[in-house]
Amino acid sequence: MTAALAIEGLHKSFGALEVLRGIDLELAEHEVVCLIGASGSGKSTLLRCVNLLEPIEAGRIVLHGEEITDPRVDVNAVRKRIGIVFQAFNLFPHMSVLDNVTLGPRKALRIPRGDASARATELLARFGLADKRDEYPDRLSGGQQQRAAIVRALAMQPELLLLDEVTSALDPELVAEVLEVIRELAAEGMTMLIATHEMGFAR
């Protein structure tokens, strides 16, 4: 059976600093894997390499049988298949929550506005944000912003979801609500690669 994600012999350096030294990793369909380690150990860099935000020095990354690190690959096409959520929510401040969530599906996937809005509204309701769809991000709590960022990634219907330290910028009482969303996604079979330094969260 083909792995959902296979990383083979991955090397990544920033100048003289070698951050990733021959990483091998396999992720099965519907599997959730946590990358644990101290801040600065290369977890975020690995996720950025998987999403092709960082070029790699050596090795290969294969997504559902296709080598995405092949130089001939259409990077934008690959990124449509991989969702990524950062610790800094990265929501567009000048757009409502609904517009943040529907932007990708409308622009990248060419989904009509009405269809994109219907799906976004459904996702927002599922994650307790139905009443926030017309709000701007600065009117939301940190936990709500992070949930909105996860919904935005899910609206693209990704094959793989990357979560980069998504709870580390949150107050402790907001961590639980974001974890609940991630638990639900895991239960539904979303394939996820999660970087965290919180052992309780990984467990």
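Right, let's talk about the overall build of the chain for a bit. Of regular secondary structure, the chain possesses 7 helices and 8 strands. Computed over the C-alpha atoms, the radius of gyration of the chain is 17 Å, within 12% of the 17 Å expected from 2.2 N^0.38 for a compact globule of 203 residues. In terms of its C-alpha atoms, the chain occupies a principal-axis envelope of roughly 45 × 40 × 35 Å. Within the chain, the proportion of its 203 residues that are buried is 47%. Restricting to contacts in the chain with at least 6 residues of sequence separation, those with at least 24 account for 70%. Looking at the chain, you have 22 positive and 29 negative side-chain charges, and the mean spots of the two groups are 5 Å apart.

Moving on: the sheet that holds strand β3 (residues 32-36). A sheet is described by the order of its strands in space; here 4 strands give the open sequence β3-β8-β7-β6, paired in parallel fashion. Two strands in the sheet have a free side with no partner beyond their single neighbour: β3 and β6 (82-85). Neighbour-to-neighbour, the strand axes of the sheet open up by a mean angle of 15 degrees, direction not taken into account. Summarising the sheet, strand β7 (residues 160-164) and strand β8 (residues 192-196) pair through 4 bridges and their orientation is parallel. Paired with L161 across the bridge in β8 is M192. With respect to the sheet, helix α1 (residues 43-50) is in contact with β3, β6, β7 and β8, its orientation differing from that of β7 by roughly 150 degrees.

Attention shifts here to the packing of aromatic side chains. Using the criterion set out here, one finds 0 aromatic pairs in the structure. Cation over ring: K12 sits above F14, and NZ or CZ is 4.8 Å from the ring centre.

Conventions adopted
All residue numbers here refer to positions counted from 1 along the written sequence of the relevant chain. Restriction of local features to residues with pLDDT of at least 70 applies here, the model being predicted, together with a cutoff of 80 or more for giving and counting side-chain atom pairs; totals for whole chains, interfaces and linings are based on all residues. Side-chain calculation: all heavy atoms of the structure are included, whereas hydrogens and water are not. Every helix listed is a DSSP run of H or I at least four residues long, and every strand listed is a run of E at least two residues long, numbered separately from the N terminus. As defined in this context, the radius of gyration uses C-alpha atoms, and a globule is described by 2.2 Å times the residue total to the power 0.38. Whether a residue is buried, partly exposed or exposed follows from its accessible area with a 1.4 Å probe, protein chains only, as a fraction of its type maximum: under 20%, in between, or over 50%, in that order. Every residue pair with non-hydrogen atoms within 4.5 Å of one another is taken to be in contact. When charges are counted, Lys and Arg contribute as positive and Asp and Glu as negative, whereas His and the chain ends are disregarded. Every charge is mapped onto a representative atom, which is NZ of Lys, CZ of Arg, CG of Asp or CD of Glu. Pairing between strands is defined by DSSP: at least two bridges between the two strands are required. Helix axes are fitted to C-alpha atoms over the stretch in contact, other axes to C-alpha atoms as well, and angles between N-to-C directions run from 0 to 180 degrees. Only Phe, Tyr and Trp rings are paired, with Trp represented by its six-membered ring, and only when their centres lie within 6.5 Å; those with planes under 30 degrees apart are stacked, over 60 edge-to-face, the remainder tilted. In this analysis the charged atom, NZ for Lys or CZ for Arg, is taken to sit over a ring once it is within 6 Å of the ring centre and within 35 degrees of the ring normal.

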